[in-house]
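A structural walkthrough
Listed below are the residues making up each chain.
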Amino acid sequence: MAKAYQEISVQQLAETLQTDVARGLSTMEAKFRNQRLGLNELSREKPESIWAILLRQVNSLIVWILAAAAIVSFLMGDTVEGFAVLAVIVINAATGFILEFNARESMEALRKLDTTPARVLRDGQIREILSEDVTEGDILMLEAGDLVPADANIVQANQLEVDESTLTGESVPSAKSTEPSAADAPLGDQHNRLFKGTSVTNGNAKAIVTSIGQATELGRIAAMVHQAKRTATPLEAKLDALAKVLIWITVGLAMLFLVVGLLRGEETKQLIETAVALAIAAIPEGMSVVATVALAYGMLRLAEKKVIVKRLSAVETLGGTNVIFTDKTGTLTQNMIEVRQLHFPAGDLFVTLHPDKDGREAMELTGDDLNLSSSKEFELLARVGALANNAQLNSGESDRKQMGDPVEIALLRFAEGSGIDLQAFSSRYTRTAEEAFSSDTRIMGTLHESVGMHYISVKGAVEEVSELCFWESDTKRQKELEISERMAAEGLRTLAFAYRETEQAPSGNFIKEEKLIYLGLIGFLDPPLTEVTPALQACRSAGIKVIMVTGDHPATSLNIARQVELVGHEEQLVLTGKELQSFDLSSKTDQDTILKCRVFARVSPAQKLNMIDFYQKRGDIVGMTGDGVNDAPALKKSDIGIAMGLRGTAVAAEAADMVLKDDSFSSIVRAIGQGRVIFENIRKFIVFLLSCNMSEIFVVTFAGFLNVGNPLLPLQILFINIITDVFPALALGVGKENDKLMHSPPRDPKKPVLEMKDWKRIVYYALAITISVLGVFWYGTSQLGLSHKEGNTVTFYALSLAQLLHVFNLYSGKSSLLRNEITRNKFIWVALGLCILILLATYFIPLLKQVLSLQTLDVQSFGLILIGGTLPLGIIQTSRILVTRI
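Residues numbered from 1 in each chain as written. Predicted model: local features only at pLDDT ≥ 70, side-chain atom pairs only at ≥ 80, totals over all residues. Heavy atoms only, no water.

Thoughts on the pattern of salt bridges
- The full count for this structure, using the stated rule, is 25 salt bridges.
- A salt bridge links Arg127 to Asp123, with the shortest nitrogen-to-oxygen separation between them at 3.4 Å.
- On the basis of relative accessible area, Asp123 is assigned to the partly exposed category, the value being 27%.
- Between Arg340 and Glu338 there is a salt bridge, and its shortest N-O distance comes to 4.0 Å.
- Overall, Glu338 belongs to the buried group, its relative accessible area being 9%.
- One salt-bridge network, held together by shared partners, links Glu680, Arg683, Asp758 and Arg761. (Salt bridge = Lys/Arg side-chain N within 4 Å of Asp/Glu carboxyl O. Buried < 20%, exposed > 50% of the residue type's maximum accessible area, 1.4 Å probe, protein only.)

See below:
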């Protein structure tokens with residue numbers, strides 16, 4: 001069995017890849033390998049074509065029914081009616097096409113990572129080439145600030161540290177060496193490997209390229225982004241299911257009407273025209289347009305709150321989310337290392353740093369013995385941390401520039417917070433020697449001279465530093481080791497510090513020449529974001545389960561989870577990627593353990609996908625937040641991917657459905673609230689539209705069965721559906737937020753848009769409108785002597801008025817008719833005013849009057865219209881008073 005790259009020695013690897021470590025590849029060999037292996041670039045996913053997007057807009061059951069109605073209208077000679085139906089189809093398709101046209105670039109951002117130059121050894125000389133020309137066997141020459149162009153094994157390393165957070169999620173740079181790693185070591189523990197897309201933060205290195213392009217770890221992630229299929233969102237699926245219900249209703253009624261009519265011996269043409277009228281009445285033509293506008297309006301609201309939505313239906317999906325997977329680094333934390341705890345042999349202090357009005361660091365200390373803050377040991381610890389340091393922190397500037405290792409930057413910030421003027425400090429102390437950090441010694445030391453004195457400053461692993469120090473007893477040293485382990489278990493990265501001062505300049509190895517004086521330990525932490533805790537509390541109140549999934553250390557991850565109150569302070573359960581590999585997902589015990597766990601650490605991108613798939617198969621709607629390359633596949637696989645816009649990579653932003661421009665977890669809560677409001681608005685306007693459409697179906701059907709003629713023409717029904725139904729529905733769709741929705745659990749994703757109680761309300765509302773409208777039609781034609789065409793006109797206006805006023809029946813809860821969210825919605829009044837003006841235009845403008853086959857009416861007829869239009873509102877409101885719920 002072939003060994004993994006991390007197991008192979010440098011010599012073995014050079015022989016396997018047929019390269020010369022000292023001279024690199026020849027120019028000819030490199031060209032040959034480029035031709036044989038291809039360029040060092042990621043494969044490109046073919047973007048969705050314009051035609052595919054357009055086809056999706058018209059490939060729905062509702063569109064098919066409307067198209068069939070249009071064809072029948074043309075065959076029957078009703079050209080105006082046919083073109084009117086086609087216009088509805090075109091408007092719906094154009095709206096959806098325009099809003100989805102720009103959502104096609106998930107993979108393009110990955111390619112942007114490949115535009116950087118690379119320095120390689122070719123023919124024994126260092127040459128700068130395009131990263132896409134790097135090939136297997138090339139010898140990379142890397143230094144701080146470089147982006148690693150390909151996966152490689154390290155040949156030589158000098159104080160090398162690499163930021164791998166975009167791949168592993170770890171905020172602390174990984175120290176690298178040439179020593180082989182274990183075969184089963186996760187990415188974060190492969191210390192002799194470099195990975196494409198990561199960046200060198202400190203030191204320099206020479207490395208042999210082992211994999212390029214799609215064969216790299218970044219390439220595998222890109223492949224998973226390809227493979228992570230995006231399923232239809234819950235709203236899309238539910239509207240499609242609703243459309244199927246409407247079609248069955250339409251087919252059933254039309255067939256019943258045709259059979260009854262044929263048995264009666266009625267004229268076939270009249271029966272077909274009525275069937276077309278039923279088809280048009282059954283389909284809420286404005287439903288997709290109103291849903292689109294409601295979602296788009298929600299997008300605008302969220303954009304004002306720094307939430308950019310890339311995919312229209314993602315707004316509603318987030319509102320239905322009941323599980324959120326979140327990364328740790330940069331999502332729950334600041335992705336910025338800080339000094340958090342100081343341990344002295346005499347006691348502990350806890351540190352909080354924040355900028356003062358001049359931009360310098362100010363420090364707050366807490367602990368059992370605050371007198372330690374004025375002790376000599378405290379001053380020495382701050383000084384040693386600043387001297388044994390290669391980072392730069394330009395103090396006192398409005399735009400503070402920081403360069404170097406994040407841990408060393410944290411030490412400089414701590415020193416400044418303790419009162420040290422860094423600029424004066426660097427001028428006062430002159431460095432004369434340095435012992436660089438290495439994975440072998442695990443210490444770093446400096447020698448400085450100032451005013452005739454020599455200062456030795458050392459930091460490193462407590463095991464190594466403590467061996468260099470003088471101890472009164474071994475028991476005290478063991479106690480420091482135990483304290484270091486305890487701090488590590490609490491999620492802190494620890495370093496020990498020691499010093500020595502001498503008048504005579506040391507010779508040789510200045511660190512080991514004499515015993516050092518032990519100072520204590522500093523614990524570092526990537527601090528949590530302050531706004532995360534209340535945001536997580538809001539998620540709990542809303543019934544949303546939040547789960548941390550990260551590539552970071554288990555202890556660190558659990559500690560952060562406790563600090564942000566994702567889990568309780570006594571929580572001990574954390575699962576690692578290695579432990580998940582042994583889990584059997586068919587086992588109920590293992591399933592229960594996964595469902596119970598809220599913190600997953602050392603998790604690979606593939607395991608994130610598996611976790612999302614596990615919850616999705618349970619029927620959950622899964623959201624995923626992240627900011628790194630390692631999050632991209634999971635962002636795409638989830639029902640709603642949420643990327644961080646400030647700290648996040650372009651890869652994550654392009655793979656996600658939503659981007660938080662302020663990187664605030666609390667913005668997710670606001671987006672969830674907006675999503676719930678939108679779904680509630682959509683449910684309201686669907687109830688409104690269907691009760692209106694069902695009333696049209698009942699009017700046509702009941703009139704047919706009663707053999708009193710057709711009270712509505714197909715074009716009149718289409719006009720009512722497009723004009724007098726759609727505008728009030730639009731106003732309902734853009735209703736304002738409802739805070740009560742975030743104090744209840746998310747709706748069951750398995751439930752349809754409309755539940756049985758909603759269908760009962762729809763039928764009741766439709767019957768109330770039908771009885772009123774058919775009543776005035778019958779009374780006008782049979783008792784007042786109105787002609788059939790005049791009765792048809794009365795029915796048209798009475799039904800229009802009844803449906804306009806019906807919007808006032810849609811308020812929720814126990815509000816009154818005059819004071820509720822409907823009457824407070826200014827868009828409702830605008831919609832009603834506009835619809836009344838349009839109805840007046842149909843009566844007073846001859847062309848419209850002729851197209852709709854409307855007649856001139858007398859005062860009595862207008863009285864019938866007023867009665868037929870207002871009676872349903874009276875019936876429904878009276879029943880609401882008599883019973884609590886309908």
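Side note on the nonpolar core
- Residues Met658, Phe665, Phe685, Leu754 and Phe796 are the most contacted members of the largest nonpolar core, which totals 136 residues.
- Apart from residues lying up to four places away in sequence, Phe665 is in contact with Thr326, Thr331, Leu332, Glu531, Val532, Ala535, Leu536, Cys539 and Val546.
- Within the second largest apolar cluster, 34 residues are counted, among which are Val339, Ala386, Ala410 and Tyr429. (Core = buried A, V, L, I, M, F, W, Y, C linked by side-chain atoms within 4.5 Å. Contact = heavy atoms within 4.5 Å.)

So, a nonpolar patch on the surface
- Side chains of Phe702, Leu706, Val708, Val763, Leu767 and Ile771 sit close together on the surface and give an oily, nonpolar patch of about 500 Å² of accessible area.
- Every element with two or more residues in the nonpolar patch is listed here: helix 25 (665-706) and helix 27 (756-783).
- Of all the elements, helix 27 adds the most residues to the nonpolar patch, at three residues.
- By the secondary structure assignment, Phe702 is in helix 25.
- On the accessibility criterion, Phe702 (32% relative accessible area) is partly exposed. (Patch = residues over 30% accessible without salt bridge, like charges linked within 9 Å, V, L, I, M, F, W, Y side chains within 5 Å. Areas by Shrake-Rupley, 256 points an atom, 1.4 Å probe, with all protein chains shown as cover. Helix = DSSP H or I, 4+ residues; strand = E, 2+ residues; numbered from the N terminus.)

A few points about helix 19 (residues 554-563)
- In terms of residue burial, helix 19 counts as a mostly covered element, since nine of its 10 residues are buried.
- Buried residues of helix 19: Pro554, Ala555, Thr556, Ser557, Leu558, Asn559, Ile560, Ala561 and Arg562, and no others.
- Buried-residue contacts for helix 19 involve helix 17 (474-489), strand 19 (517-525), strand 20 (545-549), strand 21 (575-576) and strand 22 (599-601).

Some remarks on the pairing of strand 10 (residues 338-344)
- Where burial is concerned, most of strand 10 is hidden: six out of the seven residues are buried.
- Pairing geometry for strand 10 and strand 19, over five bridges, is antiparallel. Across the sheet, Leu342 pairs through a bridge with Ile522, a residue of strand 19. (Pairing = 2+ DSSP bridges.)

Looking at the environment of Ser666
- By secondary structure assignment, the location of Ser666 is in helix 25.
- Taking the C-alpha atoms as reference points, Ser666 and Ala538, separated by 128 residues in sequence, lie 8.7 Å from one another.

Observations concerning the sheet that holds strand 23 (residues 622-626)
- Ordered by their spatial adjacency, eight strands build an open sheet running 8-25-24-23-9-20-22-21, and the pairing between neighbours is mixed. Strand pairing shows two members of the sheet lacking a second neighbour, strand 8 (307-309) and strand 21, which therefore form its edges.
- Relative to strand 20, strand 9 (residues 323-326) runs parallel, the two being bridged by four bridges. Looking at the pairing, Ile324 lines up with Val546 of strand 20.
- In the packing of helix 19 onto the sheet, contacts are made with strand 20, strand 21 and strand 22, and the angle to strand 22 comes to roughly 155°. (Axes fitted to C-alpha atoms, helices over the stretch in contact; angles between N-to-C directions.)

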